[in-house]
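Examining the three-dimensional arrangement
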Amino acid sequence: MGDNSHTVHSTMKTVFGIPVSTGIAIGKAFVQATEGFRIPEQTIPANAFEAEIKRFQTALQFAKDEIIVNRESTKIALGQTFADIFEAQLQILMEPAFQGEMEALIRNRFFSAEHAVTAVMRKNMDIFRQIDNNYIAEKVNDLRDIEKRLLRHLLGARKEVLGQLSSPVILLSSNLTPSETANLDKRFIQAIVTEQGGAVGHTAILAAALEIPCVVGVGEFIAKVDGGDLIIVDANSGSVVICPNEEVIEQYQKIQDIETSRIECLDSYRQLPAVTTDGTMIAIHANIEFPNEAENAIQRGAEGIGLFRTEFLYLIQDKDPTEDEHFEAYKSVAETMQGRPVTIRTFDFGDDKALDRLGTIREHNPALGMRGVRLALKRWSLFRCQLRAILRASIYGDLHVMFPMISTVKEFRQAKRMAVQEVMDELREAGIPFNPDIQIGMMVEVPSAVVMLDRFSEDADFYSIGTNDLTQYTLAVDRGNSGVNHLFNVDDPAVLRMIWHTVRVAGRRDIPLSLCGQVGSNIFNIVTLIGLGIRTISCAPSSIARMKQICRHISLDDCKMIARNAIRMSEAKNIQDYVKNSLQKVAPVLFEPG
Ligand code: PEP
Ligand code: MG
């Protein structure tokens, strides 16, 4: 955790958001896209202090000149009273005690100039905050302003940016774009906290894939944090503690230890089958976003890849991937999975997975706009390139193709025709091998597809329920909007009835069915889902062991009883409470600590 001495004394504050990728992290804030940049605690070689002091004095001179210009222009525009604000800042900046202390840290303790500025300013801000006098307390803002001014001159273009972190941080951002999230360097991101975003938005999904603790939808709070402040992220409960005191730090360090032993204990379930106490097998597959997650999925006990989201290939670079880049990614997952089923979903841009260069974010109502298979059918060359690569890779494993956002039978038929007639014919003619019997299926995530499901069964080889979008579209609640997050409820009886209907139709038509929305990673939801008849669940690799543990401690009869009662209720909240209480009763062992 390093030396937190200049941050732990600031006023502690806790904010709350939606926990979307579990875990606890304690570290220093990196505030994205504000001036609250984080200062690495760097030291300099002992013989470099004179040059460093010169650098500090130059920055000081620039800051002084800047404040004088501000003072003079303010005097002209607003008068002396307002100009005095800058006069006061000037006096603080030129205060010999401050300067002396900073220079001493550089000379005697070999602090970098930036580190010395931050250390002295933070210490004084803390002292000012503790003085019971409003006038002095207000001066904290002046100190912060001066600190930022000095740092701006010292750091210039060398400000730490997200893409070039050199040590672990807690990333705080108003919102992350899909490409920013996809390009995060996992080694240096201890946790993510965003002001915006919903429970199943792209940040949530990618953070879970990267196994980075994440809390989204906190609302405005970043202005209260400075880069380098100590932060605790409890992504199990959704709380974020800014500048925690020693007692809270200790408390969370203990929780972290318990968490580590709980995860170790869960590890024993990884390679066991997910079989209920009365012998029903549940297949647990993994959702992945990046090809290199396949290995991790196997280690975590995945019996297949139920959803390989392919948007990552487009997000990690500024251009569209070539057919060979697609092919290499799919082939590597197919080979890694060694014959286990792998469902590759064709690209699903639009809405929460916007990609600027495809023009998907300019729409007035993107969730209902050009997304998923609609975009694929419109951008034929992009779609063709991906389909060719999937088919070429199909000889290296048990690959399946799945189309997202299917809302009409016609759409599914068009997409399938492109794959089966056009692309397969092309490959045949060119003598390129592929599996002609590759299974072609669809996401069931739009209410119209649920209602019309029997009609799809003539064409679709399998169905996979996407509860993230199914919830969004059934309840008309934007999945990425923290303002309506309280209405985004997978446990809503309307959503449960959609799932139930899908299970019954798929069963009657004998079409294989799985479920791959984030709901599959929720311990309470899994019981209801099994009770409703779901037998294949695809979830984040990090949730697999917990899912298997739950399956091995419940009976199918109990799941059915819970689902039957839940689906008769009228309100999501009642269902949630009921399922939670019931599970606690039938399988208390699941709630024992450690
Ligand atoms: C879903 O909608 O539930 C799903 C799995 O797909 P995505 O989250 O990528 O839209
Ligand atoms: Mg979806």
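Our structure is the block above this text.
None of the values given here were measured: they were computed from a predicted structure.

Next up on the list: the coordination of the magnesium ion (ligand 2). Ideal geometry at a metal gives 109.5 degrees between four tetrahedral donors and either 90 or 180 degrees between six octahedral ones. Coordination of the magnesium ion (ligand 2) by the protein is provided by Glu445 (OE) and Asp469 (OD), with metal-donor distances spanning 2.0 to 2.1 Å. One end of the pair, Glu445, is in the loop between β14 (439-444) and α15 (447-451); the other, Asp469, is in helix α17 (residues 467-475), with 24 residues separating them in the sequence. Each member of the pair, Glu445 together with Asp469, is buried.

The local shell around ligand 1 holds 16 residues, among which Arg309, Lys353, Gly466, Asn468 and Arg479 are the closest. In the model, an oxygen atom of ligand 1 is placed 3.0 Å from a nitrogen or oxygen of the Thr467 main chain. In the model, an oxygen atom of ligand 1 is placed 2.9 Å from a nitrogen or oxygen of the Asp469 side chain. Taking 290 Å² as the accessible area of ligand 1 by itself, protein coverage stands at 100%. Comparing atom positions with the cavity grids shows ligand 1 to sit within the second largest cavity. Contributing elements (two or more residues each) for the shell around ligand 1: β11 (305-309) and α17. Of all the elements, α17 adds the most residues to the shell around ligand 1, at three residues.

Next up on the list: helix α8 (residues 246-266). Over its 21 residues, α8 extends 30 Å from the first C-alpha to the last, a length consistent with the 30 Å expected when each residue adds 1.5 Å. Each element contacted by the buried residues of α8 is listed here: β3 (24-31), β7 (230-234), β8 (239-242) and α20 (544-551).

A few words on the side chain of Asn485. The residue Asn485 is located in the loop between α17 and α18 (493-509) in this model. Those residues in contact with Asn485 that sit more than four places away from it in its chain are Ile18, Gly198 and Ala199.

What follows deals with the pattern of salt bridges. Oppositely charged side chains can pair when the atoms bearing their charge come close. Across all of its chains, the model carries 30 salt bridges by this definition. With a closest N to O distance of 3.3 Å, Glu147 and Arg122 form a salt bridge. In this pair, Glu147 sits in helix α5 (residues 134-155) while Arg122 sits in helix α4 (residues 113-130), placing the two residues 25 residues apart along the sequence. Relative accessible area serves as the criterion here: at 1%, Glu147 is assigned to the buried category. Connected via shared salt-bridge partners are Glu311, Arg345, Asp348, Arg371, Asp469 and Arg479.

Taking 1.5 Å of rise per residue, 30 residues should cover 44 Å, and helix α1 (residues 49-78) covers 42 Å from first to last C-alpha, within 8% of that figure. Regarding α1, the residues found buried are Glu52, Ile53, Phe56, Ala59, Leu60, Ala63, Ile67 and Thr74. Positive backbone phi, at 100 degrees, marks Gly79, one or two positions downstream of α1.

Further remarks concern a nonpolar patch on the surface. Together, Leu78, Phe82 and Ile85 line one region of the surface with nonpolar side chains, adding up to about 300 Å² of accessible area. Turning to its location among the elements, Phe82 is positioned in helix α2 (residues 80-93).

Time to look at the sheet that holds strand β4 (residues 169-173). Overall, mixed pairing links the eight strands, which are arranged β1-β8-β7-β3-β4-β5-β6-β2 in an open sheet. On the outer flanks of this sheet lie β1 (13-16) and β2 (18-21), each paired with one strand and no other. Pairwise comparison of adjacent strand axes, ignoring direction, gives a mean angle of 30 degrees for this sheet. Here β7 pairs with β8 via four bridges, running antiparallel. By the bridge assignment, Asp234 is partnered in β8 with Ser239. Its contacts with the sheet place α8 against β3, β7 and β8, and it is angled at close to 125 degrees to β3.

What follows deals with empty space enclosed by the protein. Counted according to the given criterion, the structure contains five cavities of 30 Å³ or more. For the largest cavity, the calculated volume is near 110 Å³. Surrounding the largest cavity, Pro178, His202, Ile205, Leu206, Glu289, Arg309, Glu311, Phe312, Leu315, Asp352 and Lys353 form its lining. When contributions to the lining of the largest cavity are tallied by element, the ones reaching two or more residues are α7 (202-210) and α10 (312-315). By residue number, the principal contributor to the lining of the largest cavity is α7, which donates three residues. Classifying every residue of the lining of the largest cavity by side-chain character gives five nonpolar, one polar and five charged. Taken as a whole, the second largest cavity spans an internal volume of roughly 60 Å³.

What counts, and at which threshold
Residues numbered from 1 in each chain as written. Chains lettered and ligands numbered in written order. Predicted model: local features only at pLDDT ≥ 70, side-chain atom pairs only at ≥ 80, totals over all residues. Heavy atoms only, no water. Donors = N, O, S within 2.8 Å, 3.2 Å for Na, K, Ca; no water. Helix = DSSP H or I, 4+ residues; strand = E, 2+ residues; numbered from the N terminus. Buried < 20%, exposed > 50% of the residue type's maximum accessible area, 1.4 Å probe, protein only. Near = heavy atom within 4 Å. Polar contact = N/O pair within 3.5 Å; in protein donor to acceptor, adjacent residues only side chain to side chain. Areas by Shrake-Rupley, 256 points an atom, 1.4 Å probe, with all protein chains shown as cover. 1 Å grid on protein atoms, 1.4 Å probe; cavity = no way out; pocket = protein on both sides within 12 Å on 5 of 7 lines; lining within 4 Å. Sits in = over half its atoms within 2 Å of the grid points. Expected span 1.5 Å × (residues − 1). Contact = heavy atoms within 4.5 Å. Salt bridge = Lys/Arg side-chain N within 4 Å of Asp/Glu carboxyl O. Patch = residues over 30% accessible without salt bridge, like charges linked within 9 Å, V, L, I, M, F, W, Y side chains within 5 Å. Pairing = 2+ DSSP bridges. Axes fitted to C-alpha atoms, helices over the stretch in contact; angles between N-to-C directions. Points joined across faces, edges and corners; volume = space filled by probe spheres on them. Nonpolar A, V, L, I, M, F, W, Y, C, P; charged D, E, K, R; others polar.

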